[in-house]
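Geometric and topological summary
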Amino acid sequence: MKKRHTIGSFFSYILMITFSLLTILPLLWMVVNAFKPHAMIIRHPLAFPTSWYFDNFIVSWTQGHLGIYFLNSLFYSSVATLLTVLFALSSGYALSKFSYRSSRFVYMLYTLGLLITVHSVIVPLFIMETKLGIANTRLGVVLPYIAFGLPFQVFLATTYIKGIPDSLQESAIIDGSSFLQVFAKIIIPVATPIIATMFIYTFLGNWNEFVLVLTLTSELTIRSLPVGINSFAGGMSRDYGLQFAALVIGTLPMVIFYLLFRDNIAQGFAAGSTKE
């Protein structure tokens, strides 16, 4: 048994190391090539730069208008994430703590949204927004972000809030608190771990979203950073140094964001899975 355990641990470590290398090495290769001129990338794609070439970042930031795209992504991600988390918490509270006949049906409709992909509804969504007059606007981007983010976040919120003892709400109601006060003063403080998880995952998903903005917008001034980076694969496709620099600029904020809040993600899911 001890020998089997040792062999199993050995192969587990090999598997984890392999997947880690498959994730880390492409990122390192991207960063290294971002500091090399185009000619050196073509001649020696795997070599380290002989001197650090920072012009790629300067040119890609100014020529690609990445500053505007960065601010747009920050706006879309922040606004859509805040509203998604707020609506998901409210829905989770209503679905888990109020007994009414249609609660199961409403919850089923929310979870059914997990099966709907962006690609399957992108054409009717574009037509609908065009008829409503919100296509090619920031509102037309934020609303789909919220809609596609709600199903999973409602699932998380409902599952977690169900584990909060009903006695807390009942005691507050007896003391004269309204349901809104219970939500603000009891549910939200107790659900802080899952709120952090919901916020992080929603923000990351909104930041990296590409298809919606590409389809629903045409003006460059309202497009997001992933779509802006994609423009380097067009007219600027001959300069790989600019492409790698733009990719580093787009990837670095999310890497930093994840490193800062990775513990909150693990704690949120752990709390949601073990809370009774």
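Use the structure listed above.
This report concerns the structure included in the present document. All values derive from a computational prediction rather than experimental measurement.

Core analysis: the largest hydrophobic core is formed by 35 residues, its most contacted members being Leu89, Tyr145, Ile187, Ile194, Met198 and Leu212. Examining the composition of this core, we find that ten residues originate from one element, helix H7 (residues 138-162), more than from any other. Judged by nonpolar contacts, the second largest core, of 22 residues, contains Phe35, Phe57, Leu204 and Ala246.

What follows deals with helix H10 (residues 192-208). The terminal C-alpha atoms of H10 lie 24 Å apart, and with 17 residues this matches the ideal 24 Å at 1.5 Å per residue to within 8%. Of all the residues in H10, the buried ones are Ile194, Ile195, Thr197, Met198, Ile200, Thr202, Phe203, Leu204, Asn206 and Trp207.

Tallied over the entire structure, the rule returns one cavity of 30 Å³ or more. Lining the largest cavity we find Tyr93, Lys97, Ile164, Pro165, Leu168, Gln169, Val182, Ile186 and Ile187. Elements with a contribution of two residues or more to the lining of the largest cavity: helix H4 (66-97), helix H8 (166-174) and helix H9 (179-190). Sorting elements by how many residues they give to the lining of the largest cavity places H9 first, with three residues.

As a further point, take the packing of aromatic side chains. Aromatic rings considered in pairs are described by the distance between their centres and by the relative angle of their planes. Inspection of every chain in the model, using the stated rule, returns 14 aromatic pairs. For the ring pair phenylalanine 199 and phenylalanine 203, a centre distance of 6.1 Å and an interplane angle of 20 degrees mean the geometry is stacked. Within this pair, phenylalanine 199 and its partner phenylalanine 203 are both found in helix H10, separated by four residues, close to a single helical turn. Exposure remark for phenylalanine 199: the relative accessible area of 29% places this residue in the partly exposed category. Plain terms: the ring middles of phenylalanine 203 and phenylalanine 257 are 5.0 Å apart, the flat faces sit at 20 degrees to each other, and that makes the pair stacked. On the criterion of sequence distance, the pair formed by phenylalanine 203 in helix H10 and phenylalanine 257 in helix H13 (residues 240-274) is long-range, its members being 54 residues apart. Put simply, the rings of Phe70, Phe199, Phe203, Trp207 and Phe257 touch in pairs and so form one group of aromatic residues.

Okay, the layout of surface pockets next. Looking at the largest pocket, its volume works out to about 280 Å³. Where the lining of the largest pocket is concerned, the elements lending two or more residues are H7 and H10. Looking at which element gives the most residues to the lining of the largest pocket, the answer is H7, with six residues. The space that makes up the second largest pocket amounts to roughly 210 Å³. Contributing to the lining of the second largest pocket are Thr23, Leu27, Leu28, Met30, Val31, Val248, Thr251, Leu252, Val255 and Leu259. Of all the elements in the fold, those that place two or more residues in the lining of the second largest pocket are helix H1 (2-34) and H13.

Rules used throughout
- Residues numbered from 1 in each chain as written.
- Predicted model: local features only at pLDDT ≥ 70, side-chain atom pairs only at ≥ 80, totals over all residues.
- Heavy atoms only, no water.
- Core = buried A, V, L, I, M, F, W, Y, C linked by side-chain atoms within 4.5 Å.
- Buried < 20%, exposed > 50% of the residue type's maximum accessible area, 1.4 Å probe, protein only.
- Helix = DSSP H or I, 4+ residues; strand = E, 2+ residues; numbered from the N terminus.
- Expected span 1.5 Å × (residues − 1).
- 1 Å grid on protein atoms, 1.4 Å probe; cavity = no way out; pocket = protein on both sides within 12 Å on 5 of 7 lines; lining within 4 Å.
- Points joined across faces, edges and corners; volume = space filled by probe spheres on them.
- Phe/Tyr/Trp six-rings, centres within 6.5 Å; stacked < 30°, edge-to-face > 60°.

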